[in-house]
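Spelled out from the first residue to the last, the chains are:
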Amino acid sequence: MDDPIVYLNGQLTPLSEAKIPVLDRGFIFGDGVYEVIPMYDRKPFRGSQHIARLFRSLGTIGIPNPHNEAEWLALIARVVDANTLQDQMIYIQVTRGVAKRGHAFPKEDVTPTVFIMTNTMVLPSAAVRAKGVACVSMEDKRWLNCQIKSISLLGNVLAAQHAAEHDVTEAIQFRDGFLSEASSSNVWIVKDGKLSAPPKDNLILEGIRYGLIEELCKAEGIVFEARKITEVEVFSADEVLLSSASKEILPVVSIDGKTVGNGTPGPVFAKLYAAYQAAKQAL
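All figures in this text were calculated on a predicted structure; none of them were measured in a lab.

Asks: Which residues make up the overall build of the protein, and what values go with them?
Replies: A count of helical and extended segments in the protein gives eight helices and 15 strands. Compactness check: the protein gives a C-alpha radius of gyration of 19 Å against a globular reference of 19 Å for 283 residues, within 12% of the reference. A principal-axis box enclosing the C-alpha atoms of the protein has dimensions of 55 × 40 × 35 Å. At a minimum sequence separation of 6, the contacts of the protein that also span at least 24 residues come to 70%. If you sum the accessible surface of the protein, you get close to 13300 Å²; carbon and sulfur atoms cover 56% of it. Distance between charge centroids for the protein: 2 Å, based on 29 positive and 33 negative side chains.

Dropping the structure here:
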């Protein structure tokens, strides 16, 4: 899609023609939140969970929610219907709106800026999944409200750049010796058949796939545990997995050049990936 149709403040328009005022607080301060929803065959995958997370992010930073769930889903459908792709990745951004520049929230009523666009769905290829991916580790230097899906993503950008400079897929981050998350993925480890993930607190963004993978583990008989995970445990794991809307579930076969497990995607990944695809087919 060279110039997809997007939604901006009540209007559908080509992306090349979408404009915001320079005093929009999202542009000036990064004062806003976002959400990304995968659409398979033009249908939202776990749409209600994504909208619920959008509501939590808005509420946490005090931006008035301009729509209820049904209205949000209808707006998303308008954008999906205005574009031709069957599988799409919907991006939603809501900022506090346009106001005179000042760090504190505006005292006057301000209308939030609402922007929805679509991107081509690009998933890891079968060859990449079969081989697995390499990652690099780094210290987590981000702020302490990672549970908010904030558009202020400089920390994540720097982590992604760190991965790019090492020619790997992701940067897996550690805070005070414990696993947090990657630049744009949740991270999971497997040891002796048990899947573990960091707890859902302010140090990670709870990916929508987090709840899904918990459900898949229960359905597939995989023991799951949410707990603090040490750096040593990550490097000694049998399997390490990444999850996100654009990666779905992806196996990691090396970190910092050190082999994970036996260096190939493992059985827990295979079982979860198959269950994930079945959940998509259920749409």
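Asks: Outline the packing of helix α2 (residues 47-61) against helix α3 (residues 69-81), listing residues and values.
Replies: In contact at an axis separation of 11 Å, α2 and α3 are set at 115° when each is read in the N-to-C sense. Classed by the angle they form, the pair α2 and α3 counts as roughly perpendicular. For the crossing formed where α2 meets α3, the hand is right-handed. Of the residues in α3, those in contact with S48, I51, L54 and F55 of α2 are E69, W72, L73 and I76. Here the residues of the contact of α2 with α3 sort into six nonpolar, one polar and one charged.

Asks: Outline the pairing of strand β7 (residues 133-139), listing residues and values.
Replies: Counting buried residues in β7 gives five out of seven residues, a clear majority hidden from the surface. Sheet analysis places β7 next to strand β14 (residues 248-255), joined by three bridges and oriented parallel. In the sheet register, C135 faces β14, and the bridge partner there is I255. Sheet topology places β7 next to strand β8 (residues 170-175); five bridges connect them, and they run parallel. Paired with S137 across the two strands is I172, which belongs to β8.

Asks: Quick rundown of the packing of aromatic side chains? Include the residues and the values.
Replies: Two measures describe an aromatic ring pair: the distance that separates the ring centres and the angle between the ring planes. Inspection of every chain in the model, using the stated rule, returns eight aromatic pairs. For the pair Y40 and F45, a centre-to-centre distance of 5.6 Å together with 75° between the ring planes defines the contact as edge-to-face. What makes Y40 buried here is its relative accessible area of 7%. Exposure remark for F45: the relative accessible area of 3% places this residue in the buried category.

Asks: Account for the sheet that holds strand β3 (residues 32-40), with residues named and values stated.
Replies: The strand order across the open sheet formed by six strands is β2-β1-β6-β5-β3-β4, and the pairing between neighbours is antiparallel. If you trace the sheet from one side to the other, it starts and ends with β2 (11-14) and β4 (43-44), each paired once.

Asks: Give me the side chain of S196: which residues, what numbers.
Replies: Of note, S196 is situated in strand β11 (residues 194-197). Given a relative accessible area of 2%, S196 falls into the buried group. Each residue touching S196, except ones within four places of it in the same chain, is listed here: W188, I189, F224, E225, R227 and I229.

Asks: Would you mind going over a nonpolar patch on the surface in detail, with residue names and values included?
Replies: Together, I20, V22, L23, F27 and V98 make up a nonpolar patch on the protein surface, roughly 460 Å² of accessible area in all. Looking at the element boundaries, F27 is found in helix α1 (residues 25-29). A relative accessible area of 56% places F27 in the exposed class.

Asks: Any chance you could break down the environment of A237 for me, citing the residues and the numbers?
Replies: Considering the arrangement of structural elements, one finds A237 in the loop between α7 (231-235) and β13 (239-244). Along the sequence, A237 and V190 sit 47 residues apart, while their C-alpha atoms lie 5.8 Å from each other. Apart from the residues lying within four places of it in its own chain, the contact partners of A237 are I189, V190, K191, V260 and G261.

Asks: Run through the nonpolar core, naming residues and quoting values.
Replies: Ranked by size, the top nonpolar core spans 32 residues in total, and within it L195 and L272 carry the most contacts. Of all elements in the fold, only β1 (5-8), β3, β5 (88-95), β6 (113-120), β10 (186-191), β11, α6 (208-220) and α8 (267-281) reach the threshold of two or more residues within this core. When residues in this core are grouped by element, the largest group, six residues, is from α8. If we skip the residues at most four places from it in the chain, L195 touches W188, I189, V190, I213, C217, I222, V223, F224, E225, L241 and L272. The next biggest cluster of nonpolar side chains, apart from the first, holds 20 residues, and it includes Y7, M39, I63 and V80.

Asks: Which residues make up unusual backbone geometry, and what are the values?
Replies: The phi dihedral of D41 falls on the positive side, at around 55°, and the residue is not glycine. Within the fold, D41 resides in the loop between β3 and β4. Despite not being glycine, R46 has its phi angle at roughly 60°, a positive value. Locating R46 in the fold gives a position in the loop between β4 and α2.

Rules of the game
Residues numbered from 1 in each chain as written. Predicted model: local features only at pLDDT ≥ 70, side-chain atom pairs only at ≥ 80, totals over all residues. Heavy atoms only, no water. Helix = DSSP H or I, 4+ residues; strand = E, 2+ residues; numbered from the N terminus. Rg over C-alpha atoms; globule rule 2.2 N^0.38 Å. Contact = heavy atoms within 4.5 Å. Areas by Shrake-Rupley, 256 points an atom, 1.4 Å probe, with all protein chains shown as cover. Lys, Arg positive; Asp, Glu negative; His and termini not counted. Charge placed at Lys NZ, Arg CZ, Asp CG, Glu CD. Axes fitted to C-alpha atoms, helices over the stretch in contact; angles between N-to-C directions. Parallel < 35°, antiparallel > 145°, perpendicular 65-115°, else oblique. Left-handed = near helix turned anticlockwise from the far one by under 90°. Nonpolar A, V, L, I, M, F, W, Y, C, P; charged D, E, K, R; others polar. Buried < 20%, exposed > 50% of the residue type's maximum accessible area, 1.4 Å probe, protein only. Pairing = 2+ DSSP bridges. Phe/Tyr/Trp six-rings, centres within 6.5 Å; stacked < 30°, edge-to-face > 60°. Patch = residues over 30% accessible without salt bridge, like charges linked within 9 Å, V, L, I, M, F, W, Y side chains within 5 Å. Salt bridge = Lys/Arg side-chain N within 4 Å of Asp/Glu carboxyl O. Core = buried A, V, L, I, M, F, W, Y, C linked by side-chain atoms within 4.5 Å.

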